[in-house]
Amino acid sequence: MDGSVRLDEVVMRFGDFTAIEKTSLAIGSGEFFSFLGPSGCGKTTLLNIVSGFLVPSEGQVYIGDEPMAGVPVNRRPTAMIFQNLALFPLMTVFENIEFGLEVRGVDKRKRREVSERLLALVALEGSGPKMVTELSGGQKQRVAIARALAVEPRVLLLDEPLSALDLKLRQHMRTELKAIQRKTGITFIYITHDQGEALNMSDRVAVMSAGRIQQVADPMTLYRQPATGFVAAFVGENNRLQARVIDCEGERVRLDGGALGELAGRVSGTARLSNGEAAVLFVRPEHLRPVEPQASGPKLEAEIEAVHFEGAWVMLETRLIASGEKLRVQLGHELSRSQAGAFSVGQRLAFGFDPADAVVLPDDGSPVVDETGEVVEGRPASAGGTHV
Amino acid sequence: MFRQLRARFGGPLAMAIVTLLGIWLIVMVTLPQLQMIEYSLRPNLLPAQIGGPDDRLTLANYATLFNNDIHRTIFFKTIWSSVLVTLLTLAVSYPLAWYLAKVATPRQAALCILLLIIPFWINEILRTYSWFIILAFRGPLNEVLMMLGLIDRPIRFLSGNGGVMVGMVYAYILFMVFPVYNAIESLDDNQVRAARDLGAGTVRTHRRIVIPHAKPGIATGCIMTFMLAAGSYAVPALLGSPGSRWFTQIIYNWFFEGGNWNQGAAYAFLLLVLCIGFMSLIMKIFKVGLGDIGK
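Here the structure is a predicted model, which is why all the values come from computation and not from measurement. Each residue is numbered by its place in its chain's sequence as written, counting from 1. Chains and ligands are labelled by the order in which they are written, letters from A for the one and numbers from 1 for the other. Owing to the predicted nature of the model, reporting of local features is limited to residues with pLDDT of at least 70; listing and counting of side-chain atom pairs is limited to 80 or more, with chain, interface and lining totals taken over all residues.

1. Let's talk about the UniProt feature "domain: ABC transmembrane type-1" (unreviewed entry) in chain B
Stated formally: UniProt positions are given in the numbering used here, feature names are shortened, and annotations may be inferred rather than shown by experiment. We count a stretch as a helix when DSSP gives it H or I for four or more residues in a row; a strand needs E for two or more, and each element gets its number in order from the N terminus.
Per the UniProt entry, the sites bearing "domain: ABC transmembrane type-1" (unreviewed entry) are residues 75-282 of chain B in this numbering. Along residues 75-282 of chain B one finds 78% helix and 0% strand; the C-alpha atoms at either end are 19 Å apart.

Dropping the structure here:
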């Protein structure tokens, strides 16, 4: 059972609007693969192209090396879990799960066997005769998974299936989805705007923005070696500092931060930088530490504007004295405890960071976008940009 | 209900509304019906005999129908033909309602609905007459079919049940399209997509997902169409032939040609009872409650 999926130069246009720029991508059989991006980035469109609900304007989709052109939705070896689940409300749990088998002409006894086995897999034994309307949100979720698995798809497509659940349940279902994926060995293609979900469950993640894949990598690499400014800003939290390259020495880069003085960082991934080029230094809030003003190495002097106590950590909103830019600082348990209550609004502090933790990327002018697709920083999206 | 009305409009106004509604229901609906039933239970007498010894309650008027083969045949034929009209209207309306609700763009749907409604600004009799012209022996439909070479000689559309069927489907199509359209429109698109995704073809998707969801709408449309068809007078009178007489025409004859109101009232009441009985049966078979129809 080959569940590999390959997109070969796929383009999707709606009238004048290009929802998916030319995209090629190979997803391995049995992989848990996520598309992560703000709403309107084209990730759902890609999913609909794989499932067959949309026919790409150009290019070809292969599932297990078979071209899918001309293969309608109901003949593809895929199954989809919809954002709103789309369970059949007039049917029982059994009937829902067995629907796909009924279509395939499987006899009644065999059908019941399969649905009993799947109900056990999703820990819903005994709920078969209930109407789906009697179930709780989490239970409905499980029925949707079982219904999709019943048709033995080679590829399972999940369109933000956890977004309707509350936080606790969502985290629990992540673990469970991952376990089900491991047990069944089916390729999962998961769509989400929630980076926590993507990083947590996936073998690999494709970060998308404005119809383009920005980077495909495993979660750790995405976090440590972002390929573009968009990825650096979208995955995890990051402070952006505009700078100019002084020189590079191996991975290490010396930067001229203008009013901020000399800064240093590490080249991200395979990015190329030339001396004198405009660049952006990304420093994550959790990598900043308060330091003595006399300490050596790069340091950023800032004034605290707000203190948010979050329990396990403290988030400081500060403003750089030299440039007036915002800087967010996250102090973990050990640091925030020693100074508990010591941070106050208006206080001036110096923050330092290890240059190995701060990545430098060429300034591609990419805007900073939050999960809903709103531009929160940088220049506004150009026409045909981040909104659909 | 009175409490709600009072909360909204205050005591006196609520009282007035309820009183008016009560007067309307009792004087305009219930009393005439009761009078019809009373009529139907008395023999047809000369004015002089009314109140005399012959004026007593009797079921003789009802017995007439069961003793008259022709009337009885027409009675059941009317029911059967109304069923056919209902099924035919449903067959025409369902794809149309599906198209309007799920396929057409909002612009196309609006245009289509407008085109459906415009003819209904014209009186039913006139619309039926236009079908009379279209279906006539030397009418435009025959002309077109001859021109296309599909037929050698004109067809007598109006001699059998065909004309009546066409006329009625056309006359009542809106009563079917709109309830079915409303029901289908409320179906989540993802339901259809999910069924397709799980492998269902078009027929199965409709049979298992769309039709069960639209059942209350379909039932409403069918009940309205059936009642209108069974009680229709203009269409069979204009488009019918002697072979396709409708029971309503016989009732009409008793009232206005036979001058026997008592007999006519009995026939009318029988038609009403049978229609209600038939509808209850259908609702029971399709497990639709009165509450669903109001939706």
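2. So, the UniProt feature "transmembrane region" (unreviewed entry) in chain B
Under the present numbering, the feature "transmembrane region" (unreviewed entry) in UniProt falls on residues 12-31, 79-101, 113-137, 157-181, 217-239 and 264-286 of chain B. Here residues 113-137 of chain B is 68% helix and 0% strand, with 31 Å between the C-alpha atoms at its ends.

3. Topic: the UniProt feature "domain: ABC transporter" (unreviewed entry) in chain A
Here, the residues flagged by UniProt with the feature "domain: ABC transporter" (unreviewed entry) are residues 5-235 of chain A. End C-alpha atoms of residues 5-235 of chain A are separated by 25 Å, and the span's content is 37% helix alongside 26% strand.

4. Section: the pairing of strand β13 (residues 262-267) of chain A
Regular strands place side chains that alternate from one sheet face to the opposite one. Residues and elements named next belong to chain A. The cut-off we apply is this: Any two strands between which DSSP finds at least two bridges are classified as paired.
Note that strand β12 (residues 252-256) and β13 share five bridges and pair antiparallel. Its bridge partner lying in β13, V253 is registered against G265. Between the end of β12 and the start of β13, which pair antiparallel, lie five residues, with G258 showing a positive phi angle near 65 degrees. Relative to strand β20 (residues 359-362), β13 runs parallel, the two sharing two bridges. Counted as the bridge partner of V267 is V360 from β20.

5. Here we look at the sheet that holds strand β18 (residues 326-331) of chain A
Residues and elements named next belong to chain A. The criterion, for reference: Only the stretch in contact is used when a helix axis is fitted, and all axes are lines through C-alpha atoms; the angle between N-to-C directions ranges over 0 to 180 degrees.
The strand order β15-β19-β16-β17-β18 describes an open sheet built from five strands, whose pairing is antiparallel. Looking along the sheet, the strands with just one partner apiece sit at the ends: β15 (289-291) and β18. Averaged over neighbouring strand pairs, the angle between their axes works out to 50 degrees when direction is ignored. Where strand β16 (residues 299-309) lies against strand β17 (residues 314-320), seven bridges are found, and the strand directions are antiparallel.

6. Some words on the packing of helix α2 (residues 93-103) of chain A against helix α3 (residues 108-121) of chain A
Residue and element names in this part refer to chain A. To keep it simple, the criterion reads: Should an angle lie under 35 degrees it is considered roughly parallel, over 145 roughly antiparallel, and from 65 to 115 roughly perpendicular; all remaining angles are considered oblique. Put simply, a crossing is left-handed when the front helix is turned counterclockwise from the back one by less than a right angle, and right-handed when it is turned clockwise. By definition, residue pairs are in contact when their C-beta atoms, positioned from the backbone, come within 7 Å. Residue polarity follows a fixed list, in which Ala, Val, Leu, Ile, Met, Phe, Trp, Tyr, Cys and Pro are nonpolar, Asp, Glu, Lys and Arg are charged, and the others, Gly among them, are polar.
In the contact formed by α2 and α3, the axes pass within 9 Å of each other and the chain directions differ by 125 degrees. On the basis of the axis angle, α2 is oblique to α3. Along this stretch, α2 crosses α3, giving a crossing that reads as right-handed. Counting all contacts with α2, which are made through F94, I97, E98, L101 and E102, the residues of α3 involved are R111, V114, S115 and L118. Taken together, the residues of the contact of α2 with α3 sort by class into five nonpolar, one polar and three charged.

7. Overview of the sheet that holds β12 of chain A
All names here are of chain A. Strands sit in the order β11-β12-β13-β20-β14 around a closed barrel of five strands; the barrel is mixed. The sheet shows a mean angle of 55 degrees between the axes of neighbouring strands, taken without regard to direction. Where strand β11 (residues 239-249) meets strand β14 (residues 278-283), six bridges bridge the pair, whose relative direction is antiparallel. Within β14, the position partnered with R240 by the bridge is F282.

8. Here we look at the packing of α2 of chain A against helix α4 (residues 137-150) of chain A
Residue and element names in this part refer to chain A. The N-to-C vectors of α2 and α4 enclose an angle of 25 degrees; their axes lie 7 Å apart at closest approach. Judged by the angle between their axes, α2 and α4 are roughly parallel. Like other packed secondary-structure pairs, α2 and α4 cross with a definite hand, here right-handed. In this structure, α2 contributes V93, N96, I97, E98, F99, G100 and L101 to the contact, and α4 contributes V143, A146, R147 and A150. In the contact of α2 with α4, the residues fall into seven nonpolar, two polar and two charged.

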